[in-house]
Each structure stands twice: as structure tokens, then as C-alpha cells.
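Listed here are the chains, written in short residue letters.
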Amino acid sequence: MRQLVRVLLTLLSHYRRHLGQTLFLTVGLVTGVGLWSAVQIINDHARASYAEADHLLGAQASHWIRARDGSGIAPADYIALRRAGFTQIYPVLETRLTANDEPLWLIATDLLALPRAESPLGSGNGDWTTLIQPPFQAWYPPDLAADFGLAAGDSLALDDGRTLPPAAIQQQPQQGRRVFMDIGAALTVLQRDHFSYLGVAKIPDANALRQALPDNLQLVDNRQRLDLTQLTASLHSHLTAMSLLAFAVGLFIVFNAVRFALHLRRPTLHTLRELGASNRTLTLAVALEAVLWSLVGTLGGLVAGRALATLLLPPVAASLQSLYGAVVGADIQLGWQRLLFAWGITLVGLLLALAWPLWRESRQTLRQSRSTSDDWAADGKARWWLAGGGLILALAALILHSQLTSVTQGFVVLGLAVFAAAWVLPLWLALALQGAQRCLPERAWKLRWALRDAWAQLPQVRVAMMALLLALTANLGVETLVGSFRSALTAWLDQRLAADLYIQDDSLRLAQFTDNGTAPWLVASHQRNGVAIRWSGRPTLIRGLNTDAPDSRALPLADQNAHLNDWLAGHDGWLLANEQAHHLTGLQLGDAVELDTATGPAEFRVAGFFHDYGSPYFQFYLPYNVVAQHWPNAAPQGLALWLADMPAAEQQAESALLAAGAQPGDWLNQNTIKTVSLRIFERTFAITTAMNGLTLSVAGIALLAALLALHQQRLAQYAHWRALGLKHREWLLIVALPLALLVALTGLAALPLGALLSALLVHDLNVLAFGWTMPLRWQWAPAARLALLTFAVLGITLLISLWQVRRRLPQALKQLGEDDA
């Protein structure tokens, strides 16, 4: 044991003398674990929020009471139920507002009506009495208040001209990124006369409550927890895959740093072996060193990951709320299970990085371990072994891709393909260097020297090039996916949002503000109806369309059969399904779909599939009269208006709406909806962009770490060059040219690999995960940006390396002179 401790302390002294390597090893561990843990913290936090989705502001809701026609709950019905003894119910108002062209969600309830045991009144969060007294209060969570630039006492002006009460920076349980108000104050401020729904806490006899409800109300089970977990599973799988890729790139830095640390300590290891330390003792000491580094990397990475998660959580929470209606709180928790798992994968990564060099060292004699030619020969064999392994991974990816049926399998295929290319990369670089050298004339001796010197750099920088390849490939693939989705979404919105005005007040009818549906400023209109049911185990929306409306005739379809004309004619028995129902359940054209209607199950057949980007639900379109026939209580779903091409048509329409009793916020124009939709899209991919940028930064750090360690190792050679009269400019040419060539070759390899990755993401994983199909839009602009950024990183790295070499070269020359003497 005493010998083991001495050997360990001797090995650890290396990091005290080489602070640069210590820094890069720490950075590699912390960034790899930090990027991975940040996404895992966000995923765990979101899933914990889903587990509490059956709670509302601290009160558990086992059921909801909703209006059958979607018109809301009259206060008189609520009061009657409370007086009948059902004190477990409480009113809720939920609505979406807009301020500064940003969506804003508001939730309101009566805190006094919440079940006493679960009421947050005793929590001490704010003075609840100010909520119910004019001028009232609106409680904002801190991050939402910061987004809108609000301080305590400020009043937020909405885009429709109304103003919310003075702000208080307070947070209630399950409030998420929503404004909280007392329900009486909200009804007054928003000029509403109905609740959205009633929450029902745990109740001993749900049947008694169901029988006491008036005919226009229904009791609905609260399945929100299960639905959110199911609907968001694919999104969290995507985030997990990105975090694992970032972790892998971080491990490349660790691999480089560990290999250089072992390489520079080879004389120390040889001396220890000559002094009697066994290979077993040395291996155990290095393993203990790995354990210490894994603890440092895990703790530092989790701290960094928590800070990064705090920055990324608000846009993720906003996206989850916009797309899925999921409420994700702001308090981040880190469980001990996640800490142990982070430590485990870090330790495994370190041990994998150490395994091969240690095994080689233990198999070699002292003479062989001191031979540089043996190292180069071993590196050449390693390139071929890696390439062979890469071909095996590629073959496995092809076989698995032919049987692709799930998102998990898709990510395995991606991982196999990307790492196959990374393993083949060193051989590709070596063959390319050989080919370039053969093409150079004999008189270009400096260029030939530079290319031959690449062989001295390749064993040390190949891992950094592999990390760079992974980062470039991920950036190209994800940039293409995001660009393709943006193009498809924009074109889809242009078709779907063809009307000029969209009325959100479902109680308004066309006849109320026109002369029996006609007006000089009106060209066409579209009134929809619909209900929400469950089909194939998931929430499903039934929508009734006016098949003669302009947007119904121009509906963007993914596929159709001859019976589309029957649907357009308004015939019963035919429907259109969204792509999600097609790809996630295997539904085909002409298949029968059995839906639960008000009169029992009814069968319809599929006449076509329509694009439905961004929707997490299954959705079926039927003619308006068919929905009204099978679901008599189907609620109105808004009204679209096409305005005449005449001066002041929009002003005339708005005046007619105001005269009919509509409020300014009850309608939106086409451009506003498009702007909000695209902003939600950009926010949704904010974490993707951030992860991509951080992953590329990690790859840049890997390149810098490799170069600095390489130059430190080759200082004696540089001293010889300098003694022969080589100038710094010539040194830079000889060192930079092969490195630039290696980076360029890596970038060229990333282009087809990025195209393959984007094709898998767009045509396979995107369909398996979300059920959306879209054309692949390859653009050269992201590739050009990445090339400029990569060479900028290379330039900075070379400048730092040149500064380091110039600073340390005099010492190396002095040492060279002493050795010669």
C-alpha cells in the first residue's frame, strides 16, 4: 500500500508541473459532463412537472368539469354546485393573451375555494388579500417578469389595449410561466362572464357529482399527467441524444489529455518500473488517478450543468407550454441518482481512454517503450484497426436501418453511423496526406517537409480531428433539419393562414356583425366546430370544416385518394387525418377509423392525410355538418374572415365586430399569428442551437489542447529547427500547413456525413418521433459559416501555439546546448 501511495503521488505531481494539461483535462471533463447533465436536469425537471400535472396551484384535481360546447362555465352553475354540497370544486380561468407581440398565458382561480388542506394561502407567498381588492394584483414568476421587463408595481399593457393589474413578483406551485390572478379580478379586467372550467379535488363519489351536473356540463377524468408524458417523450429523446453527443465530444478532450499525460510521463513510468514498481501497481495507481479525476469532473460538470440548465430552462419551458400546454416550474432539483450516474459514465469514459495506452505500456519492454519508430508503426496499425471497426459499425447501422421501427433504434443508427465515420477518419487523413505528398514536385521542399511533418502530428491530433468531425457533422445535420422545418412551416402557414382575420371569441356568429352573413367588406368566411376525444390511446381533436371555404380547398395534403371529392362534397363517412395519425399508428388511405360519438361508435374512412406541423395530437377533419350530426354539442372553434380588396376593409370589419360586442383582443390578423407561430418555432430550437454551438466550442477546445500538448512535446525538435536557421514564419508554415490540410480534409468528410445525418433526421427520426414529413432543404450557407468558424478557431489556436513556442523556445535551445556539451 505504501508503494502504491508513493507511485500515485509521483504520477499526480505531473499535473502540478504541467498546468496547461491540467486545465484542459478539467475543461474536457467539466464541459462534457456539464452539457450532458444540463439536458438531463431539464428532462428530469420537465418529467417531474408532468408528474404533478394533475395539480393546479397546489391543489390536486382528479377531474375537470367542462362545458360540452366549449363555451365555458357560468358562475351561476358553479355556485349551484357548491350550494349542493360539492365543496371540492373550484373555478379556473385559463386564457392566452399577447403583449409586445409575445404570447402570455394567464391562470386565475379562487384561492379561498381550493381544498383547505391543499390551499397555498398558508404558504406565506405574497399578500393574497391584495389579489381580490382593487386595483388587484397580477403575480408574475421572476423569469417571466424579467422577460417583459417588469418590476414590482408595474402594469403590463396588452396588445389589445387592456392593462393587467400591478405586478407582484411571486410564484405559486404549478404556476409555471403564467400570470396568476384572482378569478374575480380576472373576470373584471378581461371583461369575461364565464370560467374556463371547474377543477374537482379528490371526491368520494364522482357519480353523484356527474348526476348533479346540468345537461350542458360534463365530468372529465384528469389524464393530463399520462398525456404529457406520452406526447413529449420524443422531444426529450432528441435532447438526450444531443447531450450524449456533446458528452462524447467532451470525452475526446479527456482522451487527448490523458494520452498526452501518459505519453509525457513515460520516462517516469520507465523509471518507476526500473525501481521495482510492477505493472499491476502502475495500472492500479493510474486507475486511482482516474477515479480522482472523475470525481473532480463530475462535481464541476454538475455545477456547470446546473448553471447551464438554469439558462436554457426558460425557452424550453416556454416551448413546452406553447406546444403541449405543459407547465414547467423554475425550481431546478438535482437528485443523487443523477449525480451517481454522471460519476459512473465519467469514470467509464476515463477508464476507456486509459485502457489502450496502459495495455500497450504493459505489453512492451522498456526498450520498445522508448522507441519512436515503434510508436509510429503501432499508430499505423491502430489506424487500420480503427477503420476496420468503423466498417463494422457502418454495416451494423445499415442492417439496423433496414429494420427501423422506433426512435431509440433511430438514434442508435445515428450513433453507429457517426462513430463509424469518426473511426475511419484517421485512415482517410493518412491516405490523403500520402496522395498530396506524391503530387508535390521535388523542388517544393518546404511543402514536402510540411506534409511529412504531418505524420509527426497525426497520431497526436487524430483524436481532436475525430471530435471536430463529430461537432461539424452534428452542426450540419441539425442546421439542415432546422432550416428544412423552417421552410416547410413557413410554406404551410402561408397556406393554412390564408384568411385576413381570425376571431377567437367562439360565441360570435357571422350574422351578429353582418347582414345575414354578407357585407361589402367580406369575401368569404369559415366557421369551424369540434370536440376533443381519445383515439388510439392519445388525445385526439375532431374538427368540422366548411369544405367550400378557401382554406379547405387549398388544404396542404401529404397524400389523398379518389374519395377526396366525396369529402369536399360534404358526404358522411369520409375524413381527413393528419400525418401524425398516419405515421405513428400505421393508418393508411381507405382504412376504417372508429370514433366515439355522442350516439355511440361510428366508422369513417380515410380519404387523405394533411400536414399538421407543430401539433402533438392526432387530428381528424370532417365536414362541418357531419360533426354537428354526430357530436351535437361540438363547440365552435373560431371564425376566419377573408376581406375584400378595398380601402379600409379591415377597419370596417373591426368596427362591425366592436358593434357586435366583441373585445379588441378577440381577433387577430394573419401577420400576427404567423409572427407568433414562427417565434414559438425559434424558441423551440433555441436549446438545439445552444447545444450545437457549445459542442463546436468543445471541439475547438479539443483541437487547442491537442496542439498545445503536441508543441510542448516537440519543443526539442523545434529547438533543432531553430538551431538550423529556421525562421518563425517558416516554422509557422511547416506546422500550420499540414494542420490546415487536416482540418480541411475533416471538413470535407463532414459534408457527406452531415448530409447523411440530416437525411436520417428529416426522413426517419422526425417521422418516427413526431409524424411530420417535409422536404430536405440542403443549404450551403451553414456549411460556409462552419468552415469560417472552424478556420477562425484554427487560426486562434495556431497563434496561441506560436506564442507558447516563442516563449519556451529559448529554454529548449539552452537545454539543447547543455545536452550537446
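Residues numbered from 1 in each chain as written. Predicted model: local features only at pLDDT ≥ 70, side-chain atom pairs only at ≥ 80, totals over all residues. Heavy atoms only, no water.

*Asks:* Help me understand the overall build of the chain, please; the structure alone is not making it clear to me.
*Replies:* If you tally the helices and strands in the chain, you get 26 helices and 20 strands. Expressed as a percentage of its 821 residues, the buried residues of the chain come to 52%. Across the chain, every contact between residues at least 6 apart in sequence was considered, and the portion connecting residues at least 24 apart equals 81%. Of the accessible surface of the chain, which amounts to about 35,900 Å², a share of 59% is contributed by carbon and sulfur atoms. (Helix = DSSP H or I, 4+ residues; strand = E, 2+ residues; numbered from the N terminus. Buried < 20%, exposed > 50% of the residue type's maximum accessible area, 1.4 Å probe, protein only. Contact = heavy atoms within 4.5 Å. Areas by Shrake-Rupley, 256 points an atom, 1.4 Å probe, with all protein chains shown as cover.)

*Asks:* Would you mind showing me how to read a nonpolar patch on the surface here?
*Replies:* On the surface, a nonpolar cluster with roughly 430 Å² of combined accessible area is contributed by L299, W336, L339 and L340. At 3 residues, the largest contribution of residues to the nonpolar patch is made by helix α11 (residues 336–363). On the basis of relative accessibility, which here comes to 58%, the residue W336 falls in the exposed class. (Patch = residues over 30% accessible without salt bridge, like charges linked within 9 Å, V, L, I, M, F, W, Y side chains within 5 Å. Salt bridge = Lys/Arg side-chain N within 4 Å of Asp/Glu carboxyl O.)

*Asks:* Quick question: what am I supposed to make of helix α15 (residues 445–496) here?
*Replies:* For an α-helix the count is 3.6 residues per turn, leaving residues at separations of three or four pointing the same way. The first and last C-alpha atoms of α15 sit only 65 Å apart over 52 residues, clearly below the 76 Å expected at 1.5 Å per residue. At L458, α15 shows its maximal kink, close to 60°; a proline, P459, follows between one and four residues later. Summarising burial for α15: 40 of the 52 residues are buried, a large majority. (Expected span 1.5 Å × (residues − 1). Bend = angle between axes of the 7 residues up to and from the residue.)

*Asks:* When you look at unusual backbone geometry in this model, what are you seeing that I'm missing?
*Replies:* Keep in mind that most residues, glycine aside, have a negative phi and that most peptide bonds are trans. For the bond running from P134 to P135, omega is 5°, close enough to zero to count as cis. With respect to the element layout, P135 can be found in the loop between β5 (102–109) and β6 (138–140). We note that F136 has phi near 70°; this positive angle belongs to a residue other than glycine. Residue classification places F136 among the buried residues on the basis of a relative accessible area of 16%. Even without glycine at this site, Q191 takes up a positive phi of about 55°. Summarising the element assignment, Q191 is placed in the loop between α5 (183–190) and β9 (197–200).

*Asks:* Can you walk me through the packing of aromatic side chains in this structure?
*Replies:* Two aromatic rings are characterised by how far apart their centres lie and by the angle between their planes. One pass over the full model with this rule turns up 13 aromatic pairs. With 5.7 Å between their ring centres and 85° between their planes, W492 and Y613 make a pair best called edge-to-face. Separated by 121 residues along the polypeptide, W492 in helix α15 and Y613 in the loop between β17 (600–610) and β18 (618–623) bring together distant segments of the chain. Across the pair, exposure class does not vary: W492 and Y613 are buried alike. On the basis of an interplanar angle of 20° and a centroid distance of 5.0 Å, the ring pair of F770 and W772 is categorised as stacked. W772 shares its class with F770; the two are buried. Put simply, the rings of F485, W492, Y613, F770 and W772 pair up and form one aromatic cluster. Sitting above the plane of the Y197 ring, R66 keeps its charged end 4.5 Å from the centroid. (Phe/Tyr/Trp six-rings, centres within 6.5 Å; stacked < 30°, edge-to-face > 60°. Lys NZ or Arg CZ within 6 Å of the ring centre and 35° of its normal.)

*Asks:* Honestly, the nonpolar core in this entry has me stumped. Any pointers?
*Replies:* Buried together is how nonpolar side chains tend to be arranged in soluble globular proteins. The biggest cluster of nonpolar side chains holds 94 residues, and the ones touching the most others in it are M465, F485 and Y613. Ranked by the residues each element gives to this core, the list is headed by α15, at 22 residues. L104, I107, A168 and A206 belong to the second-largest nonpolar core, a separate cluster that totals 54 residues. (Core = buried A, V, L, I, M, F, W, Y, C linked by side-chain atoms within 4.5 Å.)

*Asks:* Can you help me understand helix α25 (residues 728–770) in this one?
*Replies:* At L761, α25 is bent by approximately 35°, the largest bend along its length. Downstream of α25 by a residue or two, G771 has a phi angle that is positive, lying close to 80°.

*Asks:* Any chance you could explain the packing of helix α24 (residues 715–723) against α25 here in plain terms?
*Replies:* The relative placement of two packed helices is expressed as an angle between their axes plus a distance between the axes. Relative to each other, α24 and α25 sit at 135°, their axes nearing to 11 Å. Our classification of the angle between α24 and α25 gives oblique. α25 is crossed by α24, and the crossing has right-handed handedness. In contact with Y718, W721 and R722 of α24, α25 contributes H728, W731, I734 and V735. For the contact of α24 with α25, the residue count by class is 5 nonpolar, 1 polar and 1 charged. (Axes fitted to C-alpha atoms, helices over the stretch in contact; angles between N-to-C directions. Parallel < 35°, antiparallel > 145°, perpendicular 65-115°, else oblique. Left-handed = near helix turned anticlockwise from the far one by under 90°. Nonpolar A, V, L, I, M, F, W, Y, C, P; charged D, E, K, R; others polar.)

*Asks:* It is not clear to me how the packing of α15 against helix α22 (residues 670–684) should be interpreted in this structure. Could you clarify?
*Replies:* With their axes 11 Å apart at the nearest point, α15 and α22 run at an angle of 165° to one another. Taken as axis vectors, α15 and α22 run roughly antiparallel relative to one another. Regarding α15 and α22, the two cross each other, and that crossing is right-handed. Residues V482, F485, R486, L489, T490, L493 and D494 of α15 lie in contact with α22, whose contacting residues are K674, S677, L678, F681 and E682. Its residues assigned to classes, the contact of α15 with α22 comprises 6 nonpolar, 2 polar and 4 charged.

*Asks:* Quick question: what am I supposed to make of the pattern of salt bridges here?
*Replies:* A side chain with one charge may pair with a side chain of the opposite charge, provided their charged atoms come close. Per the stated rule, a full pass over the model turns up 5 salt bridges. With a closest N to O distance of 3.6 Å, D551 and R528 form a salt bridge. Separated by 23 residues along the polypeptide, D551 in helix α17 (residues 550–553) and R528 in strand β12 (residues 522–535) bring together distant segments of the chain. We note a salt bridge from R553 to D548, for which the minimum N-O separation is 3.0 Å. In this structure R553 comes out as partly exposed when scored by relative accessible area, which is 48%. For D548, a relative accessible area of 56% corresponds to the exposed category.

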